[in-house]
Amino acid sequence: MGSTVTPFVLQCGTPLLPITLTDVPLTSASKIPTNDECDILFSAVGAALDPRVIVLGDDASLAAVLTRLMRTERLHIELAFVPETTTAAGSNYRLGSGSRAAKVAMTGTATPTPLIRDDAGKAIVGKALVEGNAGDLEGEAYVDDTKLFSGTVSGVEVMPTSEMPGLKARVIGRRCLFERRWTVGRAMQLGANAAQLTRDGVPGDREVKRSTFYRHDQEWLLVR
């Protein structure tokens, strides 16, 4: 890490603090940080030279912070991620976990990275699941101009990628003959009779008939 970078740790919930981060200013927050908790940290970060926020938590923790950075137009702030154990986001971006991820957070370089969000304005860092509200998912979905499915399937999985075009999606479940074949693109659009979204392990609070995941017009600065 360059000498001008100023790190701040946001401890989300009660994960163990790696030794590498013990001398870094620490702010405690909920497991999924609230807007107010993020803003308290951002107030401190805003006065620092070349700030770097290190999120200690899980995928939902990181997604909440990234969402708040996006909504408050602070995507110029470097963001590092230190999960306690292996997570989807940690695997997506090859960050590792625990002490290894903490070392990357302190010594890595911030790299412009595609930011994947949905039409509700929420960032996705690990994976999103789209399933039927009470059974199979009926409808159709496209990744850019490529049809992902039309008819009835068990569900759809969407994951961000570290490189352009930004995301990949696939049909999951027993009904799919080609499970594990990913389709890569900029956006995934779905229309369904009734769908339930789970973003980075957090279930949505209502069913939807349409959903879009797509690459935001700005990148985020991920420390890798």
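Everything below is about the structure printed above this text.
Quantities reported herein were computed from a predicted structural model and do not represent experimental measurements.

Parameters and conventions
- Residues numbered from 1 in each chain as written.
- Predicted model: local features only at pLDDT ≥ 70, side-chain atom pairs only at ≥ 80, totals over all residues.
- Heavy atoms only, no water.
- Helix = DSSP H or I, 4+ residues; strand = E, 2+ residues; numbered from the N terminus.
- Rg over C-alpha atoms; globule rule 2.2 N^0.38 Å.
- Buried < 20%, exposed > 50% of the residue type's maximum accessible area, 1.4 Å probe, protein only.
- Contact = heavy atoms within 4.5 Å.
- Lys, Arg positive; Asp, Glu negative; His and termini not counted.
- Charge placed at Lys NZ, Arg CZ, Asp CG, Glu CD.
- Pairing = 2+ DSSP bridges.
- Right-handed = clockwise from strand over helix to strand, strands pointing away.
- Axes fitted to C-alpha atoms, helices over the stretch in contact; angles between N-to-C directions.
- Parallel < 35°, antiparallel > 145°, perpendicular 65-115°, else oblique.
- Left-handed = near helix turned anticlockwise from the far one by under 90°.
- Nonpolar A, V, L, I, M, F, W, Y, C, P; charged D, E, K, R; others polar.

Draft legend 1. Up close: the overall build of the chain. When helices and strands are tallied, the chain shows 4 helices and 17 strands. Taking 2.2 N^0.38 as the reference for a compact globule, 224 residues should give roughly 17 Å; the C-alpha atoms of the chain span a radius of gyration of 18 Å, in line with that estimate. Taken along its principal axes, the extent of the C-alpha atoms in the chain is 55 × 30 × 30 Å. Taking all 224 residues of the chain together, 51% fall into the buried category. Long-range contacts, defined here as pairs at least 24 residues apart, represent 64% of the contacts in the chain between residues at least 6 apart. Here the chain carries 25 positive and 26 negative side-chain charges, and the mean point of each set is 5 Å from the other.

Draft legend 2. Region of the structure containing the pairing of strand β3 (residues 51-56). In terms of burial, β3 is a largely internal element, 6 of the 6 residues being buried. In the sheet, strand β1 (residues 6-12) pairs with β3 via 6 bridges, with the strands oriented parallel. In the strand pairing of β3, Thr6 is matched with Pro51. Here β3 pairs with strand β4 (residues 78-82) via 5 bridges, running parallel. Across the sheet, residue Val53 finds its bridge partner in β4, namely Leu79. What joins β3 to β4 is helix α2 (residues 59-71), and the crossover it makes is right-handed.

Draft legend 3. The arrangement of the packing of helix α1 (residues 35-45) against α2 in detail. α2 packs onto α1 with a crossing angle of 70° between their chain directions and a minimal axis gap of 10 Å. With respect to α2, the element α1 is oriented roughly perpendicular. In this structure, the crossing between α1 and α2 has a hand that is right-handed. In contact with Asn35, Cys38, Asp39 and Phe42 of α1, α2 contributes Ala64, Val65, Arg68 and Leu69. Taken together, the residues of the contact of α1 with α2 sort by class into 5 nonpolar, 1 polar and 2 charged.

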